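# Residue-level structure breakdown
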Amino acid sequence: MTTDIVNNTRPAILLVGASRGLGLAMASEFVKKGWSVVGTVRGGARTRLHDLADQHPDRVEIHLLDITEPDQIAALRDRLAGRQFDMLFNNAGTANKNQGETIAEVSTEEFIHLMVANALSPMRVIETLQDLVPASGLLGIMSSGQGSVSNNNNGGHEVYRGTKAALNQYMRSFTARHADDPRAMVLIAPGWVRTDLGGPDAPLGVDESIPKVVDVLIAQLGKPGLRYLDREGKTVPW
Ligand SMILES: NC(=O)c1ccc[n+]([C@@H]2O[C@H](COP(=O)([O-])OP(=O)(O)OC[C@H]3O[C@@H](n4cnc5c(N)ncnc54)[C@H](OP(=O)(O)O)[C@@H]3O)[C@@H](O)[C@H]2O)c1
């Protein structure tokens, strides 16, 4: 089991957006490593996280959260009051329906939807829930290599790219506002992975990305300050 940090029992992660895809795989990987997982799903439908919870009833707990609903983030904060997590990680995110459309083509409505889902709401999750993470813990967000401004030489996925670049910028501002914060903060780029969002042409399977992502996150515990890292633990140019 991974070294305990907070409770002298099992280390614990609050993992937002764990119903499927990369978030579900992260939940499974943390359980494999001996962690407790409090995972969130939205809506009342049964998900594969529920299957994981059935297999590990003492280790996986599920709460409801749509990150675009600030009242739901606040309600989750209230429900979890008094508890502590070694990691708070926001995985929840989405892509525009037509990922090929440019900033010249996207509707204002779709642009706002994506910015709210991928930039504003993950930051609201961090802002509202961060008190549940002690000084020894980590605040993390699933970013993307496409959030790198420096690496954008070929364009593509313009609207999505912009939301992840904005997310990175907001997390840097958060870190600047918390200059003396001893906690580790991580924006992670998992690589292009075959999920509903990544699509069937992505070069990586979930198993080729997520175990590495989880190892990178665990390795950052105890290292204050913000890092933008890929699944190998290498810094992504901002
Ligand atoms: N796949 C890739 O190649 C790739 C690469 C770089 C970064 N990422 C990032 O990785 C994260 C996960 O992506 P994925 O590939 O696993 O996509 P996915 O299979 O489409 O899963 C998206 C996850 O986010 C949740 N979610 C979306 N909007 C939400 C909201 N408003 N509130 C709460 N949960 C919400 C979904 O929940 P529901 O089941 O309720 O919809 C689902 O659990 C995203 O942030 C994505 O941008 C993915």
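Quick look at the structure, then. All values reported here derive from a predicted model rather than from experimental measurement.

This part takes up the overall build of the chain. Helix and strand counts for the chain stand at six helices and seven strands. Starting at the N terminus and ending at the C terminus, the chain contains elements arranged as β-α-β-α-β-α-β-α-β-α-β-α-β. Rg of the C-alpha trace for the chain: 17 Å, near the compact-globule value of 18 Å for 238 residues, within the 12% margin. Each principal axis of the C-alpha distribution contributes one length, and for the chain these read about 50 × 40 × 35 Å. Counting only residues that meet the buried cut, the chain has 39% of its 238 residues in that class. Residue pairs in contact within the chain that sit at least 24 positions apart in sequence constitute 67% of those at least 6 positions apart.

Lining the immediate surroundings of the ligand are 28 residues, of which Gly21, Gly93, Thr195, Leu197 and Gly198 lie closest. The dominant element in the shell around the ligand, judged by the number of residues it contributes, is helix H1 (residues 21–32), at three residues. Partitioned by chemical class, the residues of the shell around the ligand number twelve nonpolar, twelve polar and four charged.

Further remarks concern the packing of H1 against helix H2 (residues 48–55). Contact pair H1 / H2: the axes reach a minimum separation of 10 Å and the direction vectors enclose 15°. Classified by the interaxial angle, the pair formed by H1 and H2 is roughly parallel. For the pair H1 and H2, the crossing hand works out as left-handed. Contact residues: Leu24, Ala27, Ser28 and Val31 in H1; Arg48, Leu49 and Leu52 in H2.

What follows is about the pairing of strand S5 (residues 138–142). S5 sits mainly inside the fold: five of its five residues count as buried. Here strand S4 (residues 87–90) runs beside S5; their pairing, made up of four bridges, is parallel. Its bridge partner being in S5, leucine 88 is matched across the sheet by leucine 139. Where S5 and strand S6 (residues 184–189) come together, five bridges link them in parallel fashion. Note on S6: the bridge partner recorded for leucine 138 is alanine 184. Taking the sense of rotation as the criterion, the β-α-β connection linking S5, helix H5 (residues 158–177) and S6 turns out right-handed.

Once that is clear, we can look at the sheet that holds strand S7 (residues 225–230). Sheet strands associate in pairs through backbone hydrogen bonding, adopting either a parallel or an antiparallel arrangement. The sheet built from seven strands is open, its strands ordered S3-S2-S1-S4-S5-S6-S7 with parallel pairing. Bordering the open sheet on either side are strand S3 (60–64) and S7, each of which pairs with just one other strand. Averaged over all pairs of adjacent strands, the angle between strand axes in this sheet comes to 20°, irrespective of strand direction. Note that strand S2 (residues 36–41) and S3 share five bridges and pair parallel. Within S3, the position partnered with valine 37 by the bridge is valine 60. Strand contacts of H2: S2 and S3, with the helix running at about 145° to S3, the strand carrying the most contacts. Against the sheet, helix H6 (residues 206–220) makes contact with S4, S5, S6 and S7, and its axis sits at roughly 160° relative to S6, the strand it touches most.

Here we take up the packing of helix H4 (residues 108–129) against H5. At a closest axis distance of 9 Å, the pairing of H4 and H5 adopts a crossing angle of 25°. It follows from the interaxial angle that H4 and H5 lie roughly parallel. In this structure, the crossing between H4 and H5 has a hand that is right-handed. On the side of H4, the interface is formed by Phe111, Leu114, Met115, Asn118, Ala119, Pro122, Met123 and Ile126, while H5 contributes Val159, Tyr160, Thr163, Lys164, Ala166, Leu167, Tyr170 and Phe174. Of the residues that constitute the contact of H4 with H5, the class distribution is 13 nonpolar, two polar and one charged.

Taking 1.5 Å per residue as the helical rise, H1 with its twelve residues ought to reach 16 Å, and the 17 Å between its terminal C-alpha atoms agrees with that figure. Within H1, ten of the twelve residues are buried, leaving the element largely enclosed by the surrounding structure. Within H1, burial applies to Gly21, Leu22, Gly23, Leu24, Ala25, Met26, Ala27, Ser28, Glu29 and Phe30. Tucked into the core, H1 has its buried residues touching strand S1 (12–16), S2, H2, S3, S5 and H6.

Before going further, it helps to spend a moment on the pairing of S6. Of all six residues that make up S6, six are buried, and the element is covered over most of its length. Here S6 shows a buried face lined by Ala184, Val186 and Ile188 and a second buried face lined by Met185, Leu187 and Ala189. Two elements, S6 and S7, share six bridges in a ladder whose sense is parallel. Looking at S7, one finds that leucine 187 is bridged to tyrosine 228.

Conventions we followed
Residues numbered from 1 in each chain as written. Predicted model: local features only at pLDDT ≥ 70, side-chain atom pairs only at ≥ 80, totals over all residues. Helix = DSSP H or I, 4+ residues; strand = E, 2+ residues; numbered from the N terminus. Rg over C-alpha atoms; globule rule 2.2 N^0.38 Å. Buried ≥ 20, exposed ≤ 12 C-beta atoms within 10 Å, placed from the backbone. Contact = placed C-beta atoms within 7 Å. Near = placed C-beta within 6 Å. Nonpolar A, V, L, I, M, F, W, Y, C, P; charged D, E, K, R; others polar. Axes fitted to C-alpha atoms, helices over the stretch in contact; angles between N-to-C directions. Parallel < 35°, antiparallel > 145°, perpendicular 65-115°, else oblique. Left-handed = near helix turned anticlockwise from the far one by under 90°. Pairing = 2+ DSSP bridges. Right-handed = clockwise from strand over helix to strand, strands pointing away. Expected span 1.5 Å × (residues − 1).

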